[in-house]
Amino acid sequence: MAERPEDLNLPNAVITRIIKEALPDGVNISKEARSAISRAASVFVLYATSCANNFAMKGKRKTLNASDVLSAMEEMEFQRFITPLKEALEAYRREQKGKKEASEQKKKDKDKKTDSEEQDKSRDDDNDEDEERLEEEEQNEEEEVDN
């Protein structure tokens, strides 16, 4: 847990970016207002986490999951956030699934390439052996002709 209240604040750069995205162009915000929003956001995150943790504990789990957070939003009477959160969660899951599939495909392609290289090397080794045998046979034939 954090030792000082300041340790619980979200990074200023993140807060500033969120504020700029939320406000129309040309609207400025004072340092004091930014600090107040940052503290309010931190309190909200702590409260949402605490509520979500209660749902996890009721389920006899130590790990919070997405359904715990969605239930917490409902309990906190933030129902209007539930649909956008579900949509964001689905988008996140699709993205993760795509990344996983891409990673698996990359691994398969790498394995195929490795197998192909090994086959090529094996063929090259076989060809080298064949060439050596032919050279030996030619030398033997030349020796027989000389004899």
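This text goes with the structure placed above it.
Predicted model only: the values in this text are computed from it and were never measured.

Peer 1: Would you mind showing me how to read the environment of Leu 10 here?
Peer 2: Within the secondary structure, Leu 10 sits in the segment before α1 (12–22). As for Leu 10 and Ser 42, which are separated by 32 residues in sequence, their C-alpha atoms are 6.2 Å apart. For Leu 10, the contacting residues outside a window of four places in its chain are Ile 15, Ser 38, Ala 41 and Ser 42.

Peer 1: Can you walk me through the nonpolar core in this structure?
Peer 2: In globular proteins that are soluble, nonpolar side chains generally tend to be buried together. Among the nonpolar cores identified, the biggest contains eight residues, and these are Ala 48, Cys 51, Ala 52, Leu 70, Ala 72, Met 73, Met 76 and Ile 82. Counting residues per element, the ones that place at least two in this core are α2 (31–58) and α3 (66–75). With sequence-adjacent residues up to four places away left out, Ile 82 is seen in contact with Leu 70, Met 73 and Glu 74.

Peer 1: Help me understand the packing of aromatic side chains, please; the structure alone is not making it clear to me.
Peer 2: Two numbers describe a pair of aromatic rings. These are the distance of the centres and the angle of the planes. Counted according to the given criterion, the structure contains two aromatic pairs. Where Phe 44 meets Phe 78, the ring centres are 5.3 Å apart and the plane angle is 85 degrees; that geometry is what we call edge-to-face. With Phe 44 in helix α2 and Phe 78 in the loop between α3 and α4 (79–146), this pair connects stretches of sequence that are 34 residues apart. Of the residues examined, Phe 44 reaches a relative accessible area of 33% and is grouped as partly exposed. Ring centres 5.4 Å apart and planes at 35 degrees place the aromatic pair Phe 78 and Phe 81 in the tilted group. The partly exposed category is assigned to Phe 78, whose relative accessible area is 29%. Accessibility expressed as a relative area gives 33% for Phe 81, which makes it partly exposed. Grouping aromatic residues by their ring pairs yields a cluster made of Phe 44, Phe 78 and Phe 81. Its end group placed over the ring of Phe 55, Lys 58 keeps NZ or CZ at 4.9 Å from the ring centre.

Definitions and cut-offs
Residues numbered from 1 in each chain as written. Predicted model: local features only at pLDDT ≥ 70, side-chain atom pairs only at ≥ 80, totals over all residues. Heavy atoms only, no water. Helix = DSSP H or I, 4+ residues; strand = E, 2+ residues; numbered from the N terminus. Contact = heavy atoms within 4.5 Å. Core = buried A, V, L, I, M, F, W, Y, C linked by side-chain atoms within 4.5 Å. Buried < 20%, exposed > 50% of the residue type's maximum accessible area, 1.4 Å probe, protein only. Phe/Tyr/Trp six-rings, centres within 6.5 Å; stacked < 30°, edge-to-face > 60°. Lys NZ or Arg CZ within 6 Å of the ring centre and 35° of its normal.

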